[in-house]
Amino acid sequence: MAYLQKQAIAVYPGSFDPITLGHVDIIKRLADFYKELVVVVANSPAKSQLFTPTERAALIEKSLAGNKNVRVEVFDGLTVDYARKIGASIIIRGLRAVADFEYEFAMANMNRKLAPEIETMIVFTRPEYSFVSSRTVKEVAFFGGSVEGLVPAPVAEALTSKVKAAKENI
Ligand code: ADP
């Protein structure tokens, strides 16, 4: 099976604005199946983001310190183009709830149309992270709620300073 080969390279693309413990869980669970797992931070101009792509990548690196076969890259093109460029044969995506399904289904099929040789692997989130999203975490942080247990410690710190800076500018 091409998608469970120790010699295969997998990409895990997303906005990661910011990375949450749900993302970290997916990365940790899957990294060992592959020669390398590359977390690809999408530099998508269409989405307005709290953290810059470079900040998001740095937070991922800090949050994953010690995971040897995991690498982080920023890319501002199609995931399949990046996957082809580095010889990756797998795209990993996480599924939290039924609400994610249609979007992930459409994207997996679009990617298959664009690059039939690349397989999308959908992984179910652990139940304890099934309600965690980058968007809700930002909302909680903005209104002063605790994000402990939802994001890695470096992200919690970065959120606190971003929110403080944002509020100073209002
Ligand atoms: P995108 O903007 O492409 O949806 P995200 O950064 O929100 O990117 O998510 C990247 C991937 O991680 C997606 O497949 C998403 O479904 C998955 N994901 C998001 N939150 C979680 C979570 N709490 N647990 C597991 N997977 C998640």
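Just so we're clear, the structure is a prediction, and the values are computed from it rather than from any experiment. Sequence order as written defines residue numbering, which begins from 1 separately in each chain. Residues qualify for local features only when their pLDDT is at least 70, as the model is predicted, and side-chain atom pairs are given and counted only at 80 or more; totals for whole chains, interfaces and linings, by contrast, use all residues. Excluding hydrogens and water, the side-chain figures rest on all heavy atoms present in the structure.

Asks: Got a minute to help me understand the overall build of the protein chain in this structure?
Replies: Strands here are runs of E lasting at least two residues and helices are runs of H or I lasting at least four, both read from the DSSP assignment and numbered beginning at the N terminus. Regarding its fold elements, the protein chain presents six helices and five strands. Listed by position from the N terminus, the elements making up the protein chain come as β-α-β-α-β-α-β-α-β-α-α. Structurally, the protein chain occupies a C-alpha span of about 50 × 30 × 30 Å along its principal axes. Three exposure classes are used, based on accessible area relative to the maximum for each residue type with a 1.4 Å probe and protein chains only: buried under 20%, partly exposed in between, and exposed over 50%. Among the 170 residues that make up the protein chain, the fraction classed as buried is 44%. In the protein chain, 78% of the contacts between residues at least 6 apart in sequence involve partners at least 24 apart. Only the protein chains shown count as covering a residue, and every accessible area follows the Shrake-Rupley method with a 1.4 Å probe. About 9500 Å² of surface is accessible on the protein chain, with carbon and sulfur atoms providing 58% of the total. Here the protein chain contributes 21 positively and 19 negatively charged side chains, and the mean placements of these two sets differ by 1 Å. By definition in these notes, contact holds between two residues if any of their heavy atoms fall within 4.5 Å. In summary, the charge assignment counts Lys and Arg as positive and Asp and Glu as negative, without counting His or the chain termini. The atom standing in for a charge is NZ when the residue is Lys, CZ when it is Arg, CG when it is Asp and CD when it is Glu.

Asks: Looking at this model, I keep getting lost on the packing of helix H2 (residues 53–63) against helix H6 (residues 153–168). Mind explaining?
Replies: When two helices pack together, you describe them by how their axes are tilted relative to each other and by the distance separating the axes. Axis angles are defined between N-to-C directions and span 0 to 180 degrees, where every axis is a line fitted to C-alpha atoms and, for a helix, only to the segment in contact. One can describe the packing of H2 onto H6 by two numbers: an axis separation of 9 Å at closest approach and a directional angle of 145°. Contacts between H2 and H6 involve Glu55, Leu59, Lys62 and Ser63 on the former and, on the latter, Pro154, Val155, Ala158 and Lys162. Throughout, the ten residues Ala, Val, Leu, Ile, Met, Phe, Trp, Tyr, Cys and Pro are labelled nonpolar, Asp, Glu, Lys and Arg are labelled charged, and all others, Gly among them, are labelled polar. The residue inventory of the contact of H2 with H6, partitioned by class, reads four nonpolar, one polar and three charged.

Asks: Would you take a moment to explain helix H4 (residues 98–114) for this structure?
Replies: Since one α-helical turn is 3.6 residues long, residues separated by three or four positions face the same way. In a regular helix each residue adds 1.5 Å, so 17 residues correspond to 24 Å; H4 covers 25 Å between its end C-alpha atoms and thus fits that length. Along H4, the residues that are buried comprise Asp100, Glu104, Ala108 and Asn111. The elements touched by buried residues of H4 are helix H3 (79–86), strand E4 (90–95) and strand E5 (119–124). Expected span of a helix: the number of residues minus one, times 1.5 Å.

Asks: Sorry if this is basic, but what is going on with the pairing of strand E2 (residues 36–42) here?
Replies: The two faces of the sheet receive side chains in turn, since in a regular strand these alternate between them. Among the seven residues that make up E2, six are buried, leaving the element largely enclosed by the rest of the structure. Looking at chain direction, strand E1 (residues 9–14) and E2 are connected through six bridges and run parallel. Bridging from a neighbouring strand, Tyr12 pairs with Val39 of E2. Assignment of crossover handedness uses the view with strands pointing away from the viewer, where a clockwise path from the first strand over the helix to the second indicates a right-handed crossover. Taking the sense of rotation as the criterion, the β-α-β connection linking E1, helix H1 (residues 21–31) and E2 turns out right-handed. Two strands qualify as a pair provided that DSSP identifies no fewer than 2 bridges between them. Note: E2 against strand E3 (residues 70–75), six bridges, orientation parallel. Note that in E3 the partner of Ala42 across the bridge is Phe75.

Asks: For this particular structure, what's the right way to read the sheet that holds E2?
Replies: Remark on secondary structure: sheet strands pair via backbone hydrogen bonds, oriented parallel or antiparallel. Taking strand neighbours across the sheet as the criterion, the five strands line up as E3-E2-E1-E4-E5 in an open arrangement whose pairing is parallel. Two strands lie at the open edges of the sheet, namely E3 and E5, each paired on one side alone. In this sheet, neighbouring strand axes are inclined to one another by 30° on average, regardless of whether the strands run parallel or antiparallel. Contacting E1, E2, E3, E4 and E5, H1 runs over the sheet at an angle of about 120° to E5. Across the sheet, H3 is in contact with E1, E2, E3 and E4; its angle to E1 comes to roughly 155°.

Asks: Explain unusual backbone geometry here, please?
Replies: For residues that are not glycine, phi is negative in most cases, and the peptide bond is trans in most cases. At the junction of Asp17 and Pro18, the peptide bond is cis and its omega measures out at 0° in the coordinates. Looking at the secondary structure, you find Pro18 in the loop between E1 and H1. One non-glycine residue, Phe16, adopts positive backbone phi at about 50°. Position of Phe16 relative to the elements: it lies in the loop between E1 and H1. Judged by relative accessible area, Phe16 falls into the buried class, the value being 3%.

Asks: Help me understand the nonpolar core, please; the structure alone is not making it clear to me.
Replies: Taken as a class, soluble globular proteins show a tendency for nonpolar side chains to be buried jointly. Take the buried residues of types Ala, Val, Leu, Ile, Met, Phe, Trp, Tyr and Cys, join any two whose side-chain atoms come within 4.5 Å, and each joined set is a nonpolar core. Counting residues in hydrophobic clusters, the biggest one holds 37 residues, and the most contacted among them are Ile27, Tyr34, Leu37, Val39, Ile60 and Ile92. When residues of this core are assigned to their parent elements, the largest contribution, six residues, is made by H1. Among all residues touching Ile60, those that are not within four sequence positions of it are Phe16, Ile19, Val39, Val41 and Val72. Among the nonpolar cores identified, the runner-up in size contains twelve residues, and Val38, Ile91, Ala115 and Ile118 belong to it.

Without other data, these values stay purely geometric and don't point to any function.
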